[in-house]
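Coordinate inspection notes
For reference, the chains in residue letters:
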Amino acid sequence: PTVLQTLPAEHPFVKATAFSKYPLAIARRKEEEPRPSSVYDLFGPGEPVTSLDSFLDGEGIVQTDLVAWVTLGKEHLPRTEDLPLISNFGTHFDLLPHNRFPVNAALSRPKRQSAERN
């Protein structure tokens, strides 16, 4: 996993940042669940405004629109070369197929026909 939760599950900050328990969570998409956390959650961490835990309610996900909640870790050890902008890098993730085809599709393309010359 890219993120590891080091606080115990009953800690108030874990309740406020429930997404930190899951590197990847898949849930049914709902209009009333636009984001898994709120900026207000850290003001009352024991009682979050919204929580990813409430999104993962055991509903079926077959033949429905899904949302993937991806948690990415970001750790940076500053160095002199980074100054004056310390947070000069970002994070991202890629969705890439794995073993989609039995062989490399580029290797099994048809041979090119050469043009006949007179």
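Refer to the structure presented above.
Below you will find a few notes about this structure. (Residues numbered from 1 in each chain as written. Predicted model: local features only at pLDDT ≥ 70, side-chain atom pairs only at ≥ 80, totals over all residues. Heavy atoms only, no water.)

Quick word on the packing of aromatic side chains
The line we're drawing: Pairs were defined over the aromatic rings of Phe, Tyr and Trp, the Trp ring being its six-membered one, requiring ring centres within 6.5 Å. Orientation was assigned from the angle between planes: stacked under 30 degrees, edge-to-face over 60, tilted for the rest. Secondary structure counts use DSSP, requiring at least four H or I residues in a row for a helix and at least two E residues in a row for a strand, with both numbered from the N terminus. Each residue is placed in one exposure class: buried if its accessible area under a 1.4 Å probe, protein chains only, is under 20% of its type's maximum, exposed if it is over 50%, and partly exposed if it falls in between.
Counted under the stated rule, the structure contains one aromatic pair. Centre to centre, the rings of Phe-55 and Trp-69 are 5.6 Å apart; their planes meet at 50°, and the pair counts as tilted. With Phe-55 in helix α2 (residues 52-55) and Trp-69 in strand β2 (residues 66-70), this pair connects stretches of sequence that are 14 residues apart. Here Phe-55 and Trp-69 have matching classes, each one buried.

Thoughts on the pattern of salt bridges
So the rule is basically this: For salt bridges, the criterion is a side-chain nitrogen of Lys or Arg within 4 Å of an Asp or Glu carboxyl oxygen.
Tallied over the entire structure, the rule returns four salt bridges. Its salt-bridge partner being Asp-57, residue Lys-30 comes within 3.4 Å of it at the nearest N-O pair. Linking Lys-30 in the loop between β1 (24-28) and α2 with Asp-57 in the loop between α2 and β2, this pair joins segments that are 27 residues apart in sequence. Residue classification places Lys-30 among the buried residues on the basis of a relative accessible area of 18%. Asp-57 gets classed as partly exposed once you look at its relative accessible area, which sits at 42%. As a salt-bridge pair, Lys-30 and Glu-59 come within 2.7 Å of each other at their nearest N and O atoms. Within this pair, whereas Lys-30 is found in the loop between β1 and α2, its partner Glu-59 is found in the loop between α2 and β2, the two being separated by 29 residues in sequence. Salt bridges here are not isolated pairs; linked through shared partners, they connect Lys-30, Asp-57 and Glu-59.

That's the geometry; what it means functionally is another story.
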